[in-house]
Amino acid sequence: MKAYISDPEDLKQDSTYQEIWDNMIINFLAESLDVVNDNVWVISLGDAFARQYDLYATSDGHSALLHRCLGMLLQKVDDRIYVREKIDLMCRHSSMSIPVNRLGLAQGIGLVAASHLDTVLEKLKNILENAGQSALQRFLSFFSFREKVEDVDDTYAALALMYGYAARYAPSTVIEARINALVGTDMLGRFLHVQHPTAKQAVITAIDLLGRAVISAAEIGISFPLQRRDQLLEYVLTLMGRDQSDDLVDFSIELLQTQTVALSACTTLVSIEPRLPMETRNRVMKATLGFFALPTEPSNIVESLITNLIILLGAILLTSGEDGRSRAEQLLHILRQLDPYVSASAEHQRRRGCVAVHEVLVKFRNLCSGGFGASGSYPTLSLKHIDQGGPRGSSSLPSAFVLPNRDSLSLGERIMAYLPRCADTDDEVRKVAIQIIALFFNISLSLPKQKTSANDIDLESSYGALSSLEDIVSIIRRVSGCISLPFIKSSPEQMLKSIFLFPLKASVDQIEVFHRVVSSVCILLSKDELVVLLHSCTLAACDKVKQSADGSIQAIIVFIIRRGKDLREADVLRTTQSLLSSAIALTDKHSRQEVLNAISCLAENTNHIVVFDEVLFVAGRDICTKDITRIRGGWAIQDVFYVFSQHKVLATLFLEYILSILHKEPVATNDSEKGEINSESSADDCILQATMFALNAFLRGGGKVGKQAVEQSYPSVLSALILKLGGLHGLAELGRNELLRSLLIAFQSFCDCVGDVEMGKILARDGERTEKEKWIDLVQEVACSSSVKRPNEVLPTCVILSKSLDRNQRAEREAAAAALSEFIRHSEKEPALLEQMVEELCQHVTDDSPTVRSLCLRGLVQIPESHILNYIQQVLGVILALLEDATESVQLTAVQCLLTVLNVSEQDAVDPILISLLVRLRNLQISMNTKMRSNAFAAYGALSAYGAGSQHHAFLEQIHATLPRLILHLHDNDLSVRLACRNTFQLLAPLMEVDGLSSLLNKQYFTSDRRSDYEDFIRDLTRQLCRLSPVRVDSYLESAIQAFDAPWPVIQANAVCLVSCMLSFLDDQRFLAPYFSQVFAMLVGRMSQSPEAVVRAAASSALGLLIKRSNMLKSLSSRFDRTDPSQSSQHGEPHAKTSSELQEEAAAKPNGAQGEQ
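Residues numbered from 1 in each chain as written. Predicted model: local features only at pLDDT ≥ 70, side-chain atom pairs only at ≥ 80, totals over all residues. Heavy atoms only, no water.

*Asks:* An account of the overall build of the chain is needed here, citing residue identities and associated values.
*Replies:* Helix and strand counts for the chain stand at 61 helices and two strands. Counting only contacts in the chain whose residues sit at least 6 apart along the sequence, the fraction spanning at least 24 positions is 76%. Of the roughly 49100 Å² of accessible surface on the chain, 50% is carried by carbon and sulfur atoms. (Helix = DSSP H or I, 4+ residues; strand = E, 2+ residues; numbered from the N terminus. Contact = heavy atoms within 4.5 Å. Areas by Shrake-Rupley, 256 points an atom, 1.4 Å probe, with all protein chains shown as cover.)

Right under this line is the structure:
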């Protein structure tokens, strides 16, 4: 005692020495009391201790020890009155404002409670009741003889500590009821309002002591649950100063010390029954995990706090769950909560997070090696068990039922979370991360596997890879003295110190170490675990530490190259999604490029179609929902397109994929005949937009590799662009021009890529013109330019386009037909191709699109001259069929093509269909379309070259049948019709065998456009025609009379003139009579009712002519009646004149004669 009082210098060197000396003295006193075992002597010693208080009134440390000594002595006394008196003495001589004095008093009272628990509890109850009275002096009189009023916080702190130590030192056999009474009455709830940090620490320590009392009782076999344990946890969290908020606003030393004590109390409370509910677990973890983000200073306090936090996490793991599976779920929950700190940007946070993960894994490994209790059992844990991993009792149940299976560890997800740390910039983080991965696989190989995945793991290879991992860890241990594997027995605090004090030496090749780790992991992962790892790669690829992110991406590439064959389509899809998310999230160009390389590697080593599909889907979504021109760091998907186009293997595959998308049905069709518009969803629009964007990126950014791929696929690219050009022009007609503009941009890029400047100019000039005739011409010009620039590509291009004539979409068939109609002109060097094209075009002249039918026919007539004779009969047959087409535009094309073909056709080819052609052309000569009429008449004249053949007689009949119509249209309103009819008349005249007809055609009025000249020509012509046979004249009259109802007024007038002239020159009255009365009546009606002046004028003139003709016939008839006709006839009077000659003479008489008539 004298040595203790003298305070030797060695006690001042380290504060822990003081505590050691104090404990030695208490133990010495306890042993002395037991040895003496004399009640009188003990009481006298107690009185002596009581008198010592005056000596140490100013020394709180010594007073605290005196409290403990007197408490130990009272533990040996049986006299309750004596004990009560000395307790009152202790309270009177305590200083509540001094933490050391307050703690000594509480410990002394606790020691008394070991033998006199009821007396102590009664005393504490009285103190607590008096503390609630209004008179503060009375409340404080129990604790101090000083007149100074103690702070309420100090009083509550002392009272709480006394309760705690009373429970801690009380006999375990009687403690349950007392603790339940204390907790059940919520006495501790009154202490929550303390404000001073030391007071809070005291209350928290009291709660911790209650928990430790329960654990101590359990160690000797007296197990019972702590009532309101979850409420006590809430008290601790409240006093700790951190609620559910993660904000760190106060780093004071006092607060940090309070939080350190609170974490220790939480560890104690979660380690006892009842089992920790999930809600409480989450509440505790949310309130405490934020401490990992504390700054490093003050280091001694912060390290102690982090150590307590890691111990708390281990306790939560050990005391949560009912069996192996639930413990594994708890492990994953804890590890996932630690992920933000494992991947934090601050090095000290990453160190703490990795150490915590490693320590929790060690605890879990110890559980696995020792075995879990059966379902529903709950292991009893001591404080020693909390630190060392829990009990190792065996179970009667099979290990497969009790232990978790390998799948419950989510190895793929977890390894991906820690793999970036193996490439961390901090040496110690790298070391711990490698050991974490090794520990994970060490655990996994000891756990049972599901039957579905048992055959997926090669145990021999797995153990070899694990051995390689452990070799790496051994090297690290030898180099730095770091944490050993597979497990450590040091505390988390020691582990933290070892990490901070022993950096990894530079002699170890970190790159080689990382590669060996990745190689081992690649072998150790099962197929399903590999899939999960790749799905979880986004956070790793976007790690806050650039070096770690790059290392993670390189690891992903290794996994894909070595294990890509194990991935199913769905796995490839999800992996692509993860990598794309990484590329989009990254703004650093180098890191993004690494991710893009990983995507290329995935496409190269797995199903590239799945990768391309997902990339295009994401591109379409971005185009339709974002302004891709304003994305920070650039649009990542465009970079993906560039990477694909520059990849030696993927460039061709990606180009083929793009073309396959373009060859699909377009987003909309416009069926003008049915009047329907069928549009696909907007999602398809986005995909098509993305496809064209991808093609443009490929053509612009592919470099040498991309350009080579385009050159090799020139026919496919050109064909796809031409077909899509047609389809999207159909959409543009509906007012949707966005897709067309995108296609034209891609088409222009194609021209630039292949060096076709002329084609680019054509597109720039007419690309956006949406009229069908214009874009058809555009396609033909593009085809012409391509044929001239690249004649060797005509054959493969035509093969592709010929197949496209069978597509369902009309506009694409039209585009294909337009291109083929131009390409066929340049196929003279490819007889086989030409034959195939002719066959395809002939087959599709029955297409439901009039444009396709017309274009196919135009293509047929553009067969090179050197080959046209081989196909002339086929071409003529098609023309003959289309002359009767239901669509006028197709008929017009057929007539025009006939004119072209007849220039090279031979007699033998035309003869079989000559009459059929003439008949069909006659039907077209009355078309309202002036182009149709002019071409029909022109074609009729062109056929005159074949009239001298075997069909000569039938040809003449057709000519005479058409002659009235030809005459009428010589004065058509349209100049082109007039010229065509004049030319045709000149060609047919030599074949009609009419005397004097050719001389009429050489006169000036035949080519005149004046109506008076035309009427003069009609009179001269009809005079010649009326000399033909009556049957022929009769057919002329019938045709001309039918023209009275023609839709053109001028033709009606022409018909009136022709009929009247013919009737005026006919001699046979019996033949004339039926027509005369009919025509007369019709002329009267036309003159009075026709709205057209030209018709009324012609009818008036014709009536005058017919009336004159009628009067002359009556005069001649009476003259013939007075003369004997038989005499004239018998004598053959040479001067006898016919009626027509007489009419001519009458017409030549002067006006006086006419007036007489």
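*Asks:* Account for the state of the cysteines, naming residues and giving values.
*Replies:* This structure, assessed with the given rule, holds one disulfide. The side chain of Cys-624 participates in a disulfide bridge whose partner is Cys-686; the two sulfur atoms lie 1.8 Å from each other. Around the S-S axis, the bridge from Cys-624 to Cys-686 shows a dihedral of about -125° and counts as left-handed. With Cys-624 in helix H32 (residues 608-625) and Cys-686 in helix H35 (residues 682-701), this pair connects stretches of sequence that are 62 residues apart. Between Cys-842, a cysteine without a disulfide, and Cys-856, which holds the nearest cysteine sulfur, the sulfur-to-sulfur distance is 8.7 Å. (Disulfide = S-S within 2.5 Å.)

*Asks:* Can you lay out helix H41 (residues 794-804) for me, pointing to particular residues and giving the numbers?
*Replies:* Inspection of H41 places Val-794, Thr-797, Cys-798, Leu-801, Ser-802 and Ser-804 among the buried residues, and these make up the whole buried set. Around the axis of H41, the buried residues are gathered within 150° of arc, so they sit on the same side. (Buried < 20%, exposed > 50% of the residue type's maximum accessible area, 1.4 Å probe, protein only. Arc of directions from axis to C-beta.)

*Asks:* Give a description of unusual backbone geometry that names residues and reports values.
*Replies:* Put simply, Glu-297 and Pro-298 share a cis peptide bond, and its omega is -5°. Phi is positive for Ser-410, close to 50°, though the residue is something other than glycine. On the secondary structure map, Ser-410 appears in the loop between helix H20 (399-402) and helix H21 (411-418). Judged by its relative accessible area of 22%, Ser-410 falls in the partly exposed class.

*Asks:* Got a sec to walk through the pattern of salt bridges? Specific residues and values, please.
*Replies:* Tallied over the full model, the rule gives 39 salt bridges. When the shortest N-O distance is used, the salt bridge between Arg-568 and Asp-571 registers 3.4 Å. Notably, a salt bridge pairs Asp-1020 with Arg-1023, separated by 3.1 Å at the nearest N-O pair. You can see Asp-1020 and its partner Arg-1023 sitting in helix H54 (residues 1011-1025), three residues apart, about one turn around the helix. Accessibility expressed as a relative area gives 25% for Arg-1023, which makes it partly exposed. Salt bridges here are not isolated pairs; linked through shared partners, they connect Arg-336, Asp-339, Glu-413 and Arg-414. (Salt bridge = Lys/Arg side-chain N within 4 Å of Asp/Glu carboxyl O.)

*Asks:* Describe the packing of H21 against helix H22 (residues 427-445), listing the residues and the values that go with them.
*Replies:* Between H21 and H22, the least distance of the axes is 9 Å, while the angle of their chain directions is 165°. The angle between H21 and H22 falls in the class roughly antiparallel. Viewed along their axes, H21 and H22 form a crossing whose handedness is left-handed. Counted together, Leu-411, Arg-414, Ile-415 and Tyr-418 of H21 and Ala-433, Ile-436, Ile-437, Phe-440, Phe-441 and Ser-444 of H22 form the full contact between these two elements. Here the contact of H21 with H22 is composed, by residue class, of eight nonpolar, one polar and one charged. (Axes fitted to C-alpha atoms, helices over the stretch in contact; angles between N-to-C directions. Parallel < 35°, antiparallel > 145°, perpendicular 65-115°, else oblique. Left-handed = near helix turned anticlockwise from the far one by under 90°. Nonpolar A, V, L, I, M, F, W, Y, C, P; charged D, E, K, R; others polar.)

*Asks:* Give a description of the nonpolar core that names residues and reports values.
*Replies:* In globular proteins that are soluble, nonpolar side chains generally tend to be buried together. Formed by 352 residues in total, the largest nonpolar core has its most connected members in Phe-747, Phe-750 and Phe-985. Ignoring sequence-local partners within four residues, the contact set of Phe-747 consists of Leu-718, Leu-721, Ile-722, Leu-725, Met-759, Leu-763 and Val-782. (Core = buried A, V, L, I, M, F, W, Y, C linked by side-chain atoms within 4.5 Å.)

*Asks:* Please give an account of the side chain of Ser-408 that cites residues and values.
*Replies:* Looking at where Ser-408 falls in the secondary structure, it is placed in the loop between H20 and H21. Of the polar contacts made by the side chain of Ser-408, one reaches the backbone oxygen of Asn-405; its length is 2.5 Å. Apart from residues no more than four positions distant in its own chain, Ser-408 is found in contact with Arg-325, Ala-328 and Leu-332. (Polar contact = N/O pair within 3.5 Å; in protein donor to acceptor, adjacent residues only side chain to side chain.)

*Asks:* Could you give an account of the packing of aromatic side chains, with specific residues and numbers?
*Replies:* Under the definition given, this model contains 17 aromatic pairs. Where Phe-292 meets Tyr-341, the ring centres are 5.5 Å apart and the plane angle is 45°; that geometry is what we call tilted. Taken together, the residues Phe-292 in the loop between helix H15 (278-288) and helix H16 (299-318) and Tyr-341 in helix H17 (residues 324-342) connect sequence positions 49 residues apart. Grouping residues by exposure puts Phe-292 and Tyr-341 together as buried. Seen in terms of ring centroids, Tyr-418 and Phe-440 are 6.0 Å apart; in terms of plane orientation they differ by 25°. Their pairing is stacked. Separated by 22 residues along the polypeptide, Tyr-418 in helix H21 and Phe-440 in helix H22 bring together distant segments of the chain. Both residues of the pair, Tyr-418 and Phe-440, belong to the buried class. Clustering of aromatic rings is evident, with ring pairs tying together Phe-612, Trp-635, Phe-641, Phe-644, Phe-654, Tyr-657, Phe-693 and Phe-698. Lying over the aromatic face of Tyr-714, Arg-790 brings its terminal NZ or CZ to 4.6 Å of the ring centre. (Phe/Tyr/Trp six-rings, centres within 6.5 Å; stacked < 30°, edge-to-face > 60°. Lys NZ or Arg CZ within 6 Å of the ring centre and 35° of its normal.)

*Asks:* Got a sec to walk through the environment of His-358? Specific residues and values, please.
*Replies:* You can see His-358 is positioned in helix H18 (residues 347-370). For His-358, a relative accessible area of 0% puts it in the buried group. Distance in space between the C-alpha atoms of His-358 and Val-432 is 7.2 Å, their sequence separation being 74 residues.

*Asks:* I'd like a rundown of the packing of helix H51 (residues 952-968) against helix H55 (residues 1030-1042), residues and numbers included.
*Replies:* The interhelical angle for the contact between H51 and H55, taken along N-to-C directions, is 40°, at an axis separation of 7 Å. Judged by the inter-axis angle, H51 sits oblique to H55. Classified by chirality, the crossing of H55 by H51 is right-handed. Contact residues: Glu-957, His-960, Ala-961, Leu-963 and Pro-964 in H51; Arg-1032, Tyr-1036, Ser-1039 and Ala-1040 in H55. Its residues assigned to classes, the contact of H51 with H55 shows five nonpolar, two polar and two charged.

*Asks:* An account of the side chain of Arg-982 is needed here, citing residue identities and associated values.
*Replies:* Structurally, Arg-982 can be placed in helix H52 (residues 975-992). Classification of Arg-982 as buried rests on a relative accessible area of 7%. For Arg-982, the residues in contact, after removing those within four places along its chain, are Leu-970, Phe-1006, Thr-1007, Ser-1008 and Asp-1009.

*Asks:* If you had to explain H15 to someone new, which residues and values would you point to?
*Replies:* Buried within H15 we find Thr-280, Arg-281, Arg-283, Val-284, Met-285, Ala-287 and Thr-288. Residues of H15 that are buried in the fold lie against helix H13 (229-240), helix H14 (253-270), H16 and H17.

*Asks:* Give a detailed account of the confidence of the model for the chain, specifying residues and quantitative values.
*Replies:* Looking at the chain, the pLDDT average stands at 78 and 80% of residues meet or exceed 70. Within the model, pLDDT remains below 50 along residues 481-507, and this stretch shows 67 contacts once partners closer than five positions in the same chain are excluded. (pLDDT = per-residue confidence, 0-100.)

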